[in-house]
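Listed here are the chains, written in short residue letters.
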Amino acid sequence: MPFSSLQKRIDSREARIAILGLGTVGLPLARVFCDAGFRVLGFDTDPERVAQLARGINPLTYLNHGVLETMLAGDRFSVTRDAERLSRADVLILCVPTPLDDDSQPDLSHVEAAAETVARALRGEQLVVLESTTWPGTCRRRVLPRLEASGLQLGRDFFLAYSPEREDPGREDFTTSDTPRLVGGLDEASTELARSLYSTVIDEVLAVSSCEVAEAAKLFENTFRAVNIALVNELKLVLDKLGVDVWEVCEAAASKPFGFMPFTPGPGMGGHCIPVDPYYLAWSAREVGVDTRFVEAAGEVNRRMAEFVVERTLAALAEEGIAAAGARVLVLGLAYKRDVDSLCEAPAIRILELLHEAGVLPAYSDPWVAEGPAACAAYLDQPNSLELTLETVASFDLVLLVTDHSAFDYAHIARHARLVVDTRNAFAKLLTGDPRYSKA
Ligand SMILES: NC(=O)c1ccc[n+]([C@@H]2O[C@H](COP(=O)([O-])OP(=O)(O)OC[C@H]3O[C@@H](n4cnc5c(N)ncnc54)[C@H](O)[C@@H]3O)[C@@H](O)[C@H]2O)c1
């Protein structure tokens, strides 16, 4: 019986695990399976990524130094680009990207290519799990047919489940192991095997009735964040006109112990997931003739925040009689959120672009982003991150805080900056009431 023998191999940790896609999601997952005593084969199509990992170079700044070396040294983890080696795996987990195409439509090309790679590695008695974020129905409509093209059959020869990754890069209070996991299979046996697999490494695993429930739950989680971020950003625009401090309002509202969840305003939103996933939901809705006005409006509001930030910056300059053309603005923080190095969908990039369009000469400082984004190279005053010395801060007409990294010395900046525009309320305690200070 393929089910019971696979189940035994998983329970005894003899099952060999292959992870396809060794990025933000795949690499930490490989680590927890290694730590639990499984042998893990990492497969990636990017030759540079594979070569780097094989040499023990960790591409994820937030995965502790030395973790990869330990994994490789322990002989439990190996990396490859050779798809032939995948046929030795009992469990194959797909952690490949699900971006948007040029028309902001779901791009499933990586999932489909990985499913075809897996199909060629199928030999029977294997569990396949998709972890990539995607629209409900992807496993059934896009992955299953490719696996069945191998001539093998779901439930008899292989099992297929979906389990959404909830990784939050840079977060320290939750890890892969103590973040509860959803699993949903295409049949009961697949659900059960996926539950057994993740229970070996994750404290709490919740089985749902289908792949589609698990797929939709992931989209709902991230759309929930996108919509609430948009709501608090829209509130910021309203309260700004009313002369009321949105951060104080947020703090006051958060004192309600039930029926409210705090979100804070900012310069927009970025990252691999929150700006992208609502489009997957909207696409799915359109397929069945439903209009998702709410979800789309959230995206629009969040994108507009960059304009608000730049308007505020230009107004602060104008109040001091400084013309936008030729003004020197130092942007603090380019990464899409605090204490990460990723520029993925970072609002700072749009802000730099808008500043440039207004004639400003922008430069930046970000301890996590040493080199400026290629898209901004043509107009960044300096191509690299500037060191925040007293002279640097004082030499700019205005300092604009976009990402509130912990490494910034806020008191030092507050003392030496000529003007400060703050999108994160980070200088509130230091500068409220100071004529040099405004919030955006
Ligand atoms: N980054 C996050 O914080 C996060 C959190 C939860 C869920 N997710 C979702 O997880 C999935 C993976 O995201 P990520 O951030 O790890 O992406 P990533 O870009 O960091 O890594 C993906 C890796 O997959 C590789 N790849 C691409 N096509 C492949 C193929 N056919 N076979 C094997 N490898 C292939 C790439 O070379 C890359 O190394 C996405 O669907 C994403 O939405 C991401």
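Residues numbered from 1 in each chain as written. Predicted model: local features only at pLDDT ≥ 70, side-chain atom pairs only at ≥ 80, totals over all residues.

Draft legend 1. Looking closely at the overall build of the protein. From N to C terminus, the protein includes 15 helices and 13 strands. A compact globule built from 440 residues should have a C-alpha radius of gyration of about 22 Å, and the protein, at 24 Å, falls within 12% of that. Based on the C-alpha atoms only, the size of the protein along its principal axes is roughly 80 × 50 × 40 Å. Relative to its 440 residues, the protein shows a buried fraction of 43%. (Helix = DSSP H or I, 4+ residues; strand = E, 2+ residues; numbered from the N terminus. Rg over C-alpha atoms; globule rule 2.2 N^0.38 Å. Buried ≥ 20, exposed ≤ 12 C-beta atoms within 10 Å, placed from the backbone.)

Draft legend 2. Focus on the sheet that holds strand S12 (residues 420–422). Sheet architecture is open: five strands sit in the order S10-S9-S11-S12-S13, paired in parallel fashion. Edge positions in the open sheet fall to strand S10 (361–365) and strand S13 (437–439), since each of these has one partner strand only. Averaged over all pairs of adjacent strands, the angle between their axes in this sheet comes to 20°, without regard to strand direction. The sheet contact formed by strand S9 (residues 328–332) and strand S11 (residues 398–401) spans four bridges and is parallel. Within S11, the residue paired with Leu332 across the bridge is Leu401. Across the sheet, helix H11 (residues 293–319) lies against S9, S11, S12 and S13, angled at about 160° from S11, the strand it touches most. Docked against the sheet, helix H12 (residues 347–357) engages S9 and S10, running at close to 175° with respect to S9. (Pairing = 2+ DSSP bridges. Axes fitted to C-alpha atoms, helices over the stretch in contact; angles between N-to-C directions. Contact = placed C-beta atoms within 7 Å.)

Draft legend 3. Broad picture of the site of the ligand. Around the ligand, 28 residues are found, and the nearest of them are Gly21, Gly23, Thr24, Val25 and Ser132. Tallying contributions element by element places helix H5 (residues 109–121) first for the shell around the ligand, with four residues. (Near = placed C-beta within 6 Å.)

Draft legend 4. A look at helix H6 (residues 138–148). Listing the buried residues of H6 in full gives Thr138, Cys139, Val143 and Leu147. For H6, the buried positions fall inside an angular range of 70° around the axis, keeping them on one side. Across H6 from its buried face, at more than 90 degrees, point the exposed residues Arg141 and Pro145. (Arc of directions from axis to C-beta.)

Draft legend 5. A look at the domain arrangement of the protein. When cut into domains, the protein gives domain 1 (2–209) and domain 2 (305–439). Taking only C-alpha atoms into account, the centre of domain 1 sits 40 Å from that of domain 2. On the domain 2 side, the residues contacting the four residues of domain 1 number four residues. For the side of domain 1 that touches domain 2, a count of residues per class yields two nonpolar, two polar and no charged. (Domains from an automatic or database assignment. Nonpolar A, V, L, I, M, F, W, Y, C, P; charged D, E, K, R; others polar.)

Draft legend 6. Looking closely at the environment of Val118. Tracing the chain through its elements places Val118 in helix H5. Along the chain, Val118 and Leu92 lie 26 residues apart, while their C-alpha atoms are 7.4 Å from each other. Dropping the residues within four chain positions of it, Val118 is found in contact with Leu86, Leu92, Val128 and Leu147.

Draft legend 7. The nonpolar core, seen in detail. Counting residues in each nonpolar core, the largest one holds 62 residues, and the members touching the most others are Ile17, Ile19, Leu20, Leu92 and Ile93. Every residue in contact with Ile93, bar those within four places of it in the chain, is listed here: Ile17, Ile19, Leu20, Leu29, Val129 and Glu131. Counting 47 residues, the second-largest nonpolar core is a separate cluster that includes Val310, Ala327, Ala414 and Leu431. (Core = buried A, V, L, I, M, F, W, Y, C linked by C-beta atoms within 7 Å.)

Draft legend 8. Region of the structure containing the pairing of strand S5 (residues 126–130). Taken across its five residues, S5 has five buried, putting it largely inside the fold. Side chains Gln126, Val128 and Leu130 of S5 all project onto a buried face; the interleaved residues Leu127 and Val129 project onto the opposite face, where all are buried too. Strand direction decides the pairing type here: strand S4 (residues 91–94) and S5, joined by four bridges, are parallel. Residue pairing across strands places Ile93 opposite Val129, the latter belonging to S5.

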